[in-house]
Amino acid sequence: LPETSELKVIKYQLIKASTSIGANYEEAQAGSSKADFIHKVNIALKEARESNYWLRMLAALEGEKDELLLLIRESNELKNILGAIVKNAREN
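No experiment lies behind these values; they were computed from the predicted model shown.

Brief notes about the overall build of the protein
Then, in step 1: Secondary structure assignment for the protein yields 3 helices and 0 strands.
Then, in step 2: For the protein, the succession of helices and strands along the chain, N to C, is α-α-α.
Then, in step 3: Each principal axis of the C-alpha distribution contributes one length, and for the protein these read about 45 × 20 × 15 Å.
Then, in step 4: For the protein, buried positions account for 33% of its 92 residues.
Then, in step 5: Long-range pairs, those at least 24 residues apart, make up 67% of the contacts in the protein between residues at least 6 apart in sequence.
Then, in step 6: With an accessible surface of roughly 6,000 Å², the protein has 55% of that area assigned to carbon and sulfur atoms.
Then, in step 7: For the protein, the distance from the average position of its 13 positive side-chain charges to the average position of its 14 negative side-chain charges is 6 Å.

Structure, rendered in structure tokens:
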């Protein structure tokens, strides 16, 4: 991506949100309780939603390039997976 001031902010936010997904999911694996596990996976889900938002902003600014559309699709899949984990954990 070009080094414009607008994209610099978006890239920074995207890096923060996307790396937080894995970190929070990793913490969830060592949750001290079921509630703690659900809470941390839910945080990972929120970060996945934020990452998806920043990817969509990039697409709006840079155009819907194939690689970017693939990342958005994968981001949606990750949101669905994390959402299903939260839902299943709450039900069981």
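Here we look at the pattern of salt bridges
Then, in step 1: For the coordinates displayed, the defined rule picks out 4 salt bridges.
Then, in step 2: Here Asp36 makes a salt bridge to Lys40, at a shortest N to O gap of 2.7 Å. Of this pair, Asp36 and Lys40 both sit in helix α2 (residues 34-62), 4 residues apart, roughly one helical turn. With respect to class, Asp36 is no different from Lys40; both count as buried.
Then, in step 3: Across the pair Lys87 and Glu91 runs a salt bridge whose closest N-O atoms are separated by 4.0 Å.

Comments concerning the confidence of the model for the protein
Then, in step 1: When pLDDT is averaged along the protein, the result is 95; 100% of the residues meet or exceed 70.
Then, in step 2: The lowest-confidence element of the protein is helix α1 (residues 5-29), averaging 95 in pLDDT; the highest-confidence one is helix α3 (residues 66-91), averaging 97.

What about α2?
Then, in step 1: Between its terminal C-alpha atoms α2 stretches 42 Å, which fits the 42 Å expected from 29 residues at 1.5 Å a residue.
Then, in step 2: Positive phi shows up at Gly63, right after α2, with a value of about 95°.

Side note on α1
Then, in step 1: Taking 1.5 Å as the rise per residue, α1 with 25 residues should run 36 Å; its terminal C-alpha atoms sit 37 Å apart, in good agreement.
Then, in step 2: Looking at α1, one finds that the buried residues are Leu7, Ile10, Lys11, Leu14, Ala17, Ser20, Ile21, Asn24 and Ala28.
Then, in step 3: Where α1 is buried, its residues touch α2 and α3.

What about the nonpolar core?
Then, in step 1: In this structure, Ile21, Ala28, Ile38, Val41, Ala44, Leu45, Ala48, Leu82, Val86 and Ala89 together form the largest nonpolar core, which totals 10 residues.
Then, in step 2: Elements that contribute at least two residues to this core include exactly α1, α2 and α3.
Then, in step 3: When residues of this core are assigned to their parent elements, the largest contribution, 5 residues, is made by α2.
Then, in step 4: Discounting chain neighbours no more than four positions away, the residues touching Ala44 are Ile21, Asn24, Tyr25 and Leu82.
Then, in step 5: Membership of the second largest hydrophobic core comes to 9 residues, among which are Ile10, Leu14, Ala59 and Leu68.

Here is what the cut-offs are and how they apply
- Numbering of residues starts from 1 in each chain and follows the order in which that chain's sequence is written.
- Selection of residues for local features in this predicted model requires a pLDDT of at least 70, selection of side-chain atom pairs for listing and counting requires 80 or more, and totals for whole chains, interfaces and linings are taken over all residues.
- Water and hydrogen atoms were dropped before computing side-chain values, which therefore reflect all heavy atoms in the structure.
- A helix here means a DSSP run of H or I that spans at least four residues, while a strand means a run of E at least two residues long, and both kinds are numbered starting from the N terminus.
- Remark: exposure states derive from per-residue accessible area (1.4 Å probe, protein chains only) relative to the maximum for the residue type, with buried under 20%, exposed over 50%, and partly exposed in between.
- Note on contacts: a residue pair is in contact if any heavy atoms of the two residues lie within 4.5 Å.
- Only the protein chains shown count as cover for residues, with accessible areas throughout obtained via the Shrake-Rupley method and a probe of 1.4 Å.
- The charge count includes Lys and Arg as positive and Asp and Glu as negative, but it does not include His or the ends of the chains.
- Here the site of a charge means NZ on Lys, CZ on Arg, CG on Asp, or CD on Glu.
- Note on definitions: salt bridges are taken to be side-chain nitrogens of Lys or Arg within 4 Å of carboxyl oxygens of Asp or Glu.
- The predictor attaches a confidence to each residue, and that confidence, scored 0 to 100, is pLDDT.
- Take the residue count of a helix, subtract one, and multiply by 1.5 Å to get its expected span.
- In these notes, a set of buried Ala, Val, Leu, Ile, Met, Phe, Trp, Tyr and Cys residues joined through side-chain atoms within 4.5 Å is what counts as a nonpolar core.

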